[in-house]
Amino acid sequence: MYKGKKIGISIPAYNEEKLIGKTIKEIPDFVDRIYVVDDASIDGTSKKVEEIMKTDKRVQIIKHKENQGVGGAIISGWKRGLNEEMDILVVMAGDNQMDPAYLPDLLNPIVEGRADFSKGTRFFGNYWKEMPKVRVFGTLLLNILNKIASGYWNVNDPQNGYVAISTDALKKIDLDTLYRGYAFENDVLVKANVAGLRVVNVPVRIRYKIGETSKLKILQFATSTSKFLLKSFLWRVWVKYIKKGHPLGFLYYGGFIMIISALPLAILSTGISVFSLIGGIITFSLACIIEAEEGSR
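Structure report, in brief. (Residues numbered from 1 in each chain as written. Predicted model: local features only at pLDDT ≥ 70, side-chain atom pairs only at ≥ 80, totals over all residues. Heavy atoms only, no water.)

## Considerations on the packing of aromatic side chains
For step 1, the next point in the chain: Tallied over the full model, the rule gives seven aromatic pairs.
For step 2, the next point in the chain: Ring geometry for Tyr2 against Phe30: centres 4.9 Å apart, planes inclined by 50°, an arrangement best described as tilted. On the criterion of sequence distance, the pair formed by Tyr2 in the segment before strand E1 (7–13) and Phe30 in the loop between helix H1 (20–25) and strand E2 (33–38) is long-range, its members being 28 residues apart. No difference in accessibility class separates Tyr2 from Phe30, as the two residues are buried.
For step 3, the next point in the chain: Geometrically, the ring pair formed by Tyr252 and Phe284 is edge-to-face, given 5.3 Å between the ring centres and 65° between the ring planes. Taken together, the residues span a long stretch of sequence, with Tyr252 in helix H9 (residues 247–267) and Phe284 in helix H10 (residues 271–295) at a distance of 32 residues. For the residue pair Tyr252 and Phe284, the accessibility class agrees, reading buried in each case.
For step 4, the next point in the chain: Three or more aromatic residues joined by ring pairs form one cluster here, namely Phe233, Tyr252, Phe256 and Phe284. (Phe/Tyr/Trp six-rings, centres within 6.5 Å; stacked < 30°, edge-to-face > 60°. Helix = DSSP H or I, 4+ residues; strand = E, 2+ residues; numbered from the N terminus. Buried < 20%, exposed > 50% of the residue type's maximum accessible area, 1.4 Å probe, protein only.)

Take a look at the structure:
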């Protein structure tokens, strides 16, 4: 236990036989349960975990018959943790990139009642300089889109999967509706915002060049996630504001419609459409500023 709270860790693992053992062995003793989710690996991941289970009784393995994606694997671990009545659930990758030394930093805001959801961020001090340049570019590109889509203007590293969430907060999210692929992190934030969860940034260092193999195709991910964020934004504003008659929702939708309808004609330099485009941008930006201000209170 950690400060009187039962801690569980969900570890998604797909073909991680090389680093899964080291990942588990570094997890501190105060963690009560370690849920390793083998997402239909074709290597010896499960065998490695089963060997560790003989000496570490905290470890459990959940096996997927079919690959469900990183989000699907995390959800399976979360569901097991909810069933076993953990108080806080953490996510750590199976490739040893997430340093367990930062676990207390992620847990403390929740234990102390300052947050429901702690989100690791690499954009603190010089931590970001350790990231591969292509990841820095991709993360910054998606950062502003995620702020708009999720409504969490304080979150500055949305793709970072090193997180902790209270199970009381997690119960407010319908896990079965969450996206299963790499946009899982973004979807969790969107659904958390609608559920009214308090999210804080926690500086963490992610370890690179330790033998991990990235399974992420950056260009494909950026394109698909951008489309996903647009749909998520429209859904969030509809559910959180429009359906409740909140003026902020109409401000958001009004600005968005003005931009979309005026943009094609504005490219052709039609005077009225350019004016309409500018008006749409101002309206939409005003909605963003108002929401950001409300969120900072």
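From this point, the discussion proceeds with the structure in view.
## Thoughts on the sheet that holds strand E3 (residues 59–63)
Backbone-to-backbone hydrogen bonds join strands into a sheet, with any given pair of strands oriented parallel or antiparallel.
For step 1, the next point in the chain: Taken in spatial order, the seven strands line up as E3-E2-E1-E4-E6-E5-E7 in an open sheet, and their pairing is mixed. Each edge of the open sheet is held by one strand with a lone partner, namely E3 and strand E7 (199–203). In this sheet, neighbouring strand axes are inclined to one another by 20° on average, regardless of whether the strands run parallel or antiparallel.
For step 2, the next point in the chain: Bridge analysis of strand E4 (residues 88–91) against strand E6 (residues 163–166) gives four bridges, and the strand direction is antiparallel. Bridging from a neighbouring strand, Val91 pairs with Val163 of E6.
For step 3, the next point in the chain: Contacts from helix H2 (residues 45–53) reach E1, E2 and E3, with the element oriented near 155° to E3.
For step 4, the next point in the chain: In this fold helix H7 (residues 184–194) packs onto strand E5 (117–121), E6 and E7, with an angle of close to 145° to the strand it touches most, E5. (Pairing = 2+ DSSP bridges. Axes fitted to C-alpha atoms, helices over the stretch in contact; angles between N-to-C directions. Contact = heavy atoms within 4.5 Å.)

## Side note on the environment of Asn96
For step 1, the next point in the chain: Relative to the helices and strands, Asn96 resides in the loop between E4 and helix H4 (103–111).
For step 2, the next point in the chain: Each C-alpha atom of the pair Asn96 and Leu19 lies 6.1 Å from the other, and the pair is 77 residues apart in sequence.
For step 3, the next point in the chain: At 3.2 Å, the side chain of Asn96 forms a polar contact with the side chain of Glu26. (Polar contact = N/O pair within 3.5 Å; in protein donor to acceptor, adjacent residues only side chain to side chain.)

## Quick word on the nonpolar core
For step 1, the next point in the chain: If you look at the biggest cluster of nonpolar residues, it comprises 32 residues, and the most contacted ones within it are Ile24, Val36, Val90 and Tyr162.
For step 2, the next point in the chain: Listing elements by their share of this core, those giving two or more residues are E1, H1, E2, H2, E3, E4 and H4.
For step 3, the next point in the chain: Setting aside chain neighbours within four positions, we find Val90 in contact with Ile7, Gly8, Ile9, Ser10, Leu103, Leu107, Tyr162, Val163 and Ala164.
For step 4, the next point in the chain: Counting residues in each nonpolar core, the second largest holds 26 residues, with Ala73, Ile74, Leu175 and Leu178 among its members. (Core = buried A, V, L, I, M, F, W, Y, C linked by side-chain atoms within 4.5 Å.)

## Some points on the pattern of salt bridges
For step 1, the next point in the chain: With the rule as written, the count across this model stands at twelve salt bridges.
For step 2, the next point in the chain: Of the charged contacts, one joins Lys79 and Asp176 as a salt bridge, the two residues approaching to 2.6 Å between their closest N and O atoms. In this pair, Lys79 is assigned in helix H3 (residues 69–83) and Asp176 in the loop between helix H6 (167–170) and H7, connecting sequence segments 97 residues apart.
For step 3, the next point in the chain: Among the charged side chains, a network of salt bridges with common partners joins Glu26, Asp99 and Arg207. (Salt bridge = Lys/Arg side-chain N within 4 Å of Asp/Glu carboxyl O.)

## Details of the packing of H3 against H7
Helix-helix packing: each pair is described by the crossing angle between the helix axes and the interaxial distance.
For step 1, the next point in the chain: Taken N-terminus to C-terminus, the directions of H3 and H7 make an angle of 55°; their axes are 9 Å apart at the nearest point. Considering their axes alone, H3 and H7 lie oblique with respect to each other. The segment H3 lies against H7, with Gly71, Ile74, Ile75 and Trp78 engaging Phe184, Glu185 and Val188.
For step 2, the next point in the chain: Taken together, the residues of the contact of H3 with H7 sort by class into five nonpolar, one polar and one charged. (Parallel < 35°, antiparallel > 145°, perpendicular 65-115°, else oblique. Nonpolar A, V, L, I, M, F, W, Y, C, P; charged D, E, K, R; others polar.)

## As for H4
For step 1, the next point in the chain: Within the span of H4, buried status applies to Leu103, Leu106, Leu107, Asn108, Pro109 and Ile110.
For step 2, the next point in the chain: The elements touched by buried residues of H4 are E1, E4, E5, E6 and E7.
For step 3, the next point in the chain: The first or second residue beyond H4 is Gly113, which carries a positive phi of 80°.

## Thoughts on the side chain of Asp187
For step 1, the next point in the chain: By the secondary structure assignment, Asp187 is in helix H7.
For step 2, the next point in the chain: A residue is classified by how much of its surface remains accessible, and Asp187, at 4% relative accessible area, is buried.
For step 3, the next point in the chain: The contacts of Asp187, once residues within four sequence positions are left out, are Thr177, Leu178, Tyr179 and Phe228.

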